[in-house]
Amino acid sequence: MKIAIDGPAGAGKSSISKLAAKELGFIYIDTGAMYRAAAVYAIKNGIEIKEENMTEEVLNKIKIDIKYNENGQQIFLCGEDVTKRIREADASLGASNIAVIPSVRLKLVDLQRELAKGNDVLMDGRDIGTYVLPDAELKIYLTASVEERAKRRLKELIEKGQDADFETVKRDIEYRDKNDSEREFAPLKKSEDAVLIDSTNMTIDEVKNRIIELARGIK
Ligand code: C5P
């Protein structure tokens, strides 16, 4: 069984997906982490994120691996553990910019479909229900107001000891929303057959339970 969860930045997709996948015994695939890792590759190697710079040679050098242990998922970029690095602000903005480039998307979508093959998976991202796994048995579109999403993201950054303020976080989220929904190739949008969940006034547990209920109804 495949579950696709899409939605804008900060809607709670990854926290909720992790919990729901664990409870269902599914593999969780965080596709945003892959775009973040690709952006970190460009940043580390001084490559400006532009379509013409993402040549086949560069794309072939971006090696992304995902490993799972009791602490959750670890992301490796060319053998180096970048699990924490990909959560920094420059990686978020870089991911949103690199995700606009079709050749990068095609490479990462191949990897995502490969990981999903033959497994029960819960995959989250922006284009999972519409493009990566159009045959997913359950599709969720998870959203929340931009203020609520910025508030949650700010709390997360502060807890991690990073410097952040509400207006900057909100601006970054709005920038990513616009970038993600206006790009030509596989933009962020609700798939017609997706269940809409607005988490603005819901707790993580409430959203998780709703998803489990929907999944069990299908299984
Ligand atoms: O989900 P997360 O915020 O980690 O994703 C980082 C960025 O990667 C998003 O802002 C989006 O631009 C891009 N992304 C995407 N398609 C996906 C997952 C993420 O374009 N399936």
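Here the structure is shown first, and the text comes after it.
In this text, all values refer to a predicted model and were calculated from it rather than measured experimentally. (Residues numbered from 1 in each chain as written. Predicted model: local features only at pLDDT ≥ 70, side-chain atom pairs only at ≥ 80, totals over all residues. Heavy atoms only, no water.)

Caption draft 1: Looking closely at the packing of aromatic side chains. One pass over the full model with this rule turns up one aromatic pair. Aromatic side chains Y131 and F185 sit 5.2 Å apart centroid to centroid with 75 degrees between the ring planes, which places their arrangement in the edge-to-face category. Taken together, the positions of Y131 in helix α6 (residues 128-132) and F185 in the loop between α8 (166-182) and β8 (195-198) put the pair 54 residues apart, joining distant regions of the chain. What makes Y131 partly exposed here is its relative accessible area of 25%. The residue whose ring lies beneath R113 is Y131, and the NZ or CZ to ring-centre distance is 5.2 Å. (Phe/Tyr/Trp six-rings, centres within 6.5 Å; stacked < 30°, edge-to-face > 60°. Helix = DSSP H or I, 4+ residues; strand = E, 2+ residues; numbered from the N terminus. Buried < 20%, exposed > 50% of the residue type's maximum accessible area, 1.4 Å probe, protein only. Lys NZ or Arg CZ within 6 Å of the ring centre and 35° of its normal.)

Caption draft 2: Representation of the packing of helix α4 (residues 89-98) against α8 in the model. The geometry of α4 relative to α8 is characterised by a closest axis approach of 9 Å and an angle of 15 degrees between their N-to-C directions. The angle between α4 and α8 places the two elements in the roughly parallel class. Our pair here, α4 against α8, has a crossing hand that is left-handed. The residues of α8 that touch α4, namely those facing S92, L93, S96 and N97, are D172, Y175, R176, N179 and D180. Here the contact of α4 with α8 is built from residues that sort into two nonpolar, four polar and three charged. (Axes fitted to C-alpha atoms, helices over the stretch in contact; angles between N-to-C directions. Parallel < 35°, antiparallel > 145°, perpendicular 65-115°, else oblique. Left-handed = near helix turned anticlockwise from the far one by under 90°. Contact = heavy atoms within 4.5 Å. Nonpolar A, V, L, I, M, F, W, Y, C, P; charged D, E, K, R; others polar.)

Caption draft 3: Molecular detail of the sheet that holds strand β7 (residues 138-143). Read across the open sheet, the five strands follow the order β2-β6-β1-β7-β8; overall the sheet is parallel. Each edge of the sheet is formed by a strand with only one pairing partner; in this case those strands are β2 (27-30) and β8. When strand polarity is set aside, the average angle formed by the axes of neighbouring strands in this sheet is 20 degrees. Docked against the sheet, helix α2 (residues 31-44) engages β2 and β6 (121-125), running at close to 40 degrees with respect to β2. Sheet contacts for helix α5 (residues 102-116): β1 (2-6), β2 and β6; angle to β6, the most-contacted strand, approximately 160 degrees. (Pairing = 2+ DSSP bridges.)

Caption draft 4: Structural context of helix α7 (residues 146-159). The end-to-end C-alpha separation of α7 is 20 Å, in line with the 20 Å expected for 14 residues at 1.5 Å each. Burial in α7 covers these residues: V146, E148, R149, A150, R153, L154 and L157. In the core, the buried residues of α7 are packed alongside α2 and α8. Of the residues one or two after α7, G161 is the one with positive phi, at around 80 degrees. (Expected span 1.5 Å × (residues − 1).)

Caption draft 5: Inspection of the nonpolar core at higher detail. If you look at the biggest cluster of nonpolar residues, it comprises 35 residues, and the most contacted ones within it are M54, I62, I64, I75 and L133. Breaking this core down by element, the ones donating at least two residues are α2, α3 (56-61), β3 (64-69), β4 (72-77), α4, α5, β6 and α6. When residues of this core are assigned to their parent elements, the largest contribution, eight residues, is made by α2. Here I75 is in contact with A33, A37, I64, D65, I66, E80, D81, V82, T83 and I86, once residues within four sequence places are set aside. Of all hydrophobic cores here, the second largest spans 20 residues; its members include A20, L24, L122 and I212. (Core = buried A, V, L, I, M, F, W, Y, C linked by side-chain atoms within 4.5 Å.)

Caption draft 6: Examining empty space enclosed by the protein more closely. Across all of its chains, the model carries one cavity of 30 Å³ or more by this definition. Within this model, the largest cavity holds a volume of roughly 30 Å³. If you go around the largest cavity, the residues you meet are A4, D6, G129, K139, I140, Y141, K189, K190, S191 and A194. Sorting the residues of the lining of the largest cavity by element identifies β1 and β7 as the ones contributing at least two each. Counting residues per element, the lining of the largest cavity draws most heavily on β7, which supplies three residues. Looking at side-chain class alone, the lining of the largest cavity contains four nonpolar, two polar and four charged residues. (1 Å grid on protein atoms, 1.4 Å probe; cavity = no way out; pocket = protein on both sides within 12 Å on 5 of 7 lines; lining within 4 Å. Points joined across faces, edges and corners; volume = space filled by probe spheres on them.)

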